[in-house]
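Now for the letters of each chain:
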Amino acid sequence: MASKSTIVVSVDVGETRVALIENGILSEIFVERERDRSPVGNIYLGKVTRVLPGMQAAFVDVGLDRAAFLHVEDVIPQEDFDKLLSGEDEGGEDEDKEAKEGKEERDRDANRLSRKTPIRDVLKEGQTIVVQVSKGPISTKGARVTSHVSLPGRFVVYMPTVDHLGISKRIGNDKERKRLRETVEQMKPSQGGLIVRTVAQGLTKGTLKADIGYLVKTWETVAERQKSAKRAPQLLYAELDIVLRTARDLLTEDVAKIVIDDREEHARLKQFVESFMPERAGDVELYDGSDPIFDEFGIEDEIARSLSRKVPLPSGGYLIIDQAEALTAIDVNTGRFTGKGKDVEETIFQTNLEAAKEISYQLRFRNIGGLIVLDFIDMERSNHRDKVYKALVNHLKTDKAKTTVVRISELGLVEMTRKRTRESLGRTLYEPCFYCDGTGHLQSKATICHEILRQIRREKDSLPGFKVVVNAHPAVIDTLQREEKDALMRASARYARQIVLTPRKDYHLEQFDLGGG
């Protein structure tokens, strides 16, 4: 039987980190900093700043650093949204009957606009609109927002703009799914829809009703704030911070305990758990050790190891992970693994199987999203390609993020996507190198030396005096005096000028300039 998971919460000044440890392995890391807290889940009264008919989208000012992106399919016409906020019910007695007449009717009742609807028909510049952040700012892109609000609770998600009732796909028992559907149908609000979360398995009507009631009241508060708002942009509802959100979303039956190292946050977290899941209050523990909590659990070392560009595989092979702006490339190599008496094809197959497992872990741990290209080692046998593909898909099932995987090509390439809702862990913890401008490369010293000699040729006639003074980085000067000594002497003779080398420690490796003398 697999051991239960542990959630470790490290509360530092200005930063809170959450680690999920599954079966003794660090699976996920979440980081939240006070000055750039994620806006995902927040509800704003925004102001439309630009409408772009060519993109069928608009930019909305919600008070963040960059304007948020709103696509026409995520818009609810203003008059329909006003009715939702006021609680008006147009359907009357026929609403339940209409809701059962099929998907097309439900979509119409939910006010879902077609992507063909002209954006200027529903939005105008300067208009105010209630939106929720569905995807946080990533890299240079602003947040993505939607008018279709969803409010997550512990056991259900309330969607006030959509007439829908759903049960989590992770609840596999058909009898339990039917019981939950019948139970929730009886207490479903007259306005909006519900999705029952996985943790609701086995719950009583009273517990579910309390969770639904809390969410409906939250939405009523949002509506009241929107009516009294005097200006836009304005925050109408703030999503829970990372500590309370961790308990709400991650404290499942698979998690044995939450360990937190701050006394005040421990008290607040315990009070929150007692309110929504009193039976789990005893599983919230306070860490009072002398060492930092992440050091005690060995998490700091694991973060550094797992975020390396080169990731070793158990047999001796390794992965190379390169994350670019548009996509992430992962290359599989055999390394020193040659197989134990096996043929080459079997060695490649075993390495690729190990890589499939490690890749699924790395994608989840690093929170890599968007387009991902996997370059497995070429496999000649089609059955080996099928087995590696099935292993990859099977390992990805533990990932909560939605993934789409295309079958392995004959060249060993796999194209896949992973839904991205927040910045990757690597880009959260690291920033591009200021010295190489994020490229990972610098011109070689020999290249810089020859560029200097070419520049001398360009400027020799305009420089005063007999001397040409070269100011450059000490390492470049050293190369000119040693490896490129002959080239320097020939240049001096050809141009009939004395070349004086001056090392400058304050210069960038690629920086140099010329002077006369």
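One can find the structure itself at the top, above this paragraph.
Residues numbered from 1 in each chain as written. Predicted model: local features only at pLDDT ≥ 70, side-chain atom pairs only at ≥ 80, totals over all residues. Heavy atoms only, no water.

*Asks:* Residues and numbers for empty space enclosed by the protein, please.
*Replies:* According to the stated counting rule, one finds one cavity of 30 Å³ or more in the structure shown. Computed from the structure, the largest cavity encloses a volume of approximately 40 Å³. Looking at the lining of the largest cavity, the elements that each hand over two or more residues are β18 (327–333) and β19 (370–375). Considered class by class, the residues forming the lining of the largest cavity number four nonpolar, four polar and two charged. (1 Å grid on protein atoms, 1.4 Å probe; cavity = no way out; pocket = protein on both sides within 12 Å on 5 of 7 lines; lining within 4 Å. Points joined across faces, edges and corners; volume = space filled by probe spheres on them. Helix = DSSP H or I, 4+ residues; strand = E, 2+ residues; numbered from the N terminus. Nonpolar A, V, L, I, M, F, W, Y, C, P; charged D, E, K, R; others polar.)

*Asks:* Please give an account of the sheet that holds strand β2 (residues 15–22) that cites residues and values.
*Replies:* Read across the open sheet, the five strands follow the order β3-β2-β1-β14-β15; overall the sheet is mixed. At either end of the open sheet lies a strand with only one pairing partner, and these are β3 (25–33) and β15 (284–286). Between one strand axis and the next, the sheet turns by 20 degrees as a mean value, whatever way the strands run. Bridge count between strand β14 (residues 255–260) and β15: three bridges; the pairing is parallel. When the sheet's bridge partners are listed, V259 is paired in β15 with E285. Set on the sheet, helix α7 (residues 263–276) makes contact with β1 (5–12), β14 and β15; between it and β15 the angle comes to about 165 degrees. Sitting on the sheet, helix α9 (residues 299–306) touches β1, β2 and β3, and the angle it makes with β3 is about 95 degrees. (Pairing = 2+ DSSP bridges. Axes fitted to C-alpha atoms, helices over the stretch in contact; angles between N-to-C directions. Contact = heavy atoms within 4.5 Å.)

*Asks:* Give me the side chain of S168: which residues, what numbers.
*Replies:* With respect to the secondary-structure elements, S168 resides in the loop between β11 (165–167) and α4 (174–187). By relative accessible area, which is 14% here, S168 ends up buried. (Buried < 20%, exposed > 50% of the residue type's maximum accessible area, 1.4 Å probe, protein only.)

*Asks:* I'd like to hear about the sheet that holds β11, residue by residue, with values.
*Replies:* Reading across from one edge, β9-β10-β12-β11 is the order of the four strands in this open sheet, with mixed pairing throughout. Only two strands of the sheet have a single neighbouring strand rather than two, namely β9 (151–152) and β11.

*Asks:* Which residues make up a nonpolar patch on the surface, and what values go with them?
*Replies:* Together, F434, Y435 and L442 make up an exposed nonpolar region whose accessible area comes to about 330 Å². Along the chain, the position of Y435 falls in the loop between α12 (425–429) and α13 (445–459). (Patch = residues over 30% accessible without salt bridge, like charges linked within 9 Å, V, L, I, M, F, W, Y side chains within 5 Å. Areas by Shrake-Rupley, 256 points an atom, 1.4 Å probe, with all protein chains shown as cover. Salt bridge = Lys/Arg side-chain N within 4 Å of Asp/Glu carboxyl O.)

*Asks:* Can you lay out the nonpolar core for me, pointing to particular residues and giving the numbers?
*Replies:* For soluble globular proteins, nonpolar side chains are generally found buried alongside one another. Judged by nonpolar contacts, the single largest core of 28 residues is most densely connected at I43, L151, V156, L194, V196, L208 and W219. By residue number, the principal contributor to this core is helix α5 (residues 205–228), which donates five residues. Excluding residues within four positions of it along the chain, V156 makes contact with L151, L194, I195, V196, R197, L208, D211, I212 and L215. In terms of nonpolar packing, the next biggest core, distinct from the first, is built from 27 residues, L313, L374, A391 and L392 among them. (Core = buried A, V, L, I, M, F, W, Y, C linked by side-chain atoms within 4.5 Å.)

*Asks:* Break down the packing of aromatic side chains for me, with residues and values.
*Replies:* Tallying each qualifying case throughout the model produces five aromatic pairs. Geometrically, the ring pair formed by Y214 and F276 is edge-to-face, given 5.5 Å between the ring centres and 75 degrees between the ring planes. With Y214 in helix α5 and F276 in helix α7, this pair connects stretches of sequence that are 62 residues apart. On the numbers, 5.7 Å between centres and 15 degrees between planes, the contact of Y361 with F365 is stacked. With Y361 and F365 both in helix α10 (residues 344–366), this residue pair falls four residues apart, about one helical turn. Here the two residues Y361 and F365 agree in accessibility, since each one is buried. Clustering of aromatic rings is evident, with ring pairs tying together Y214, F272 and F276. (Phe/Tyr/Trp six-rings, centres within 6.5 Å; stacked < 30°, edge-to-face > 60°.)

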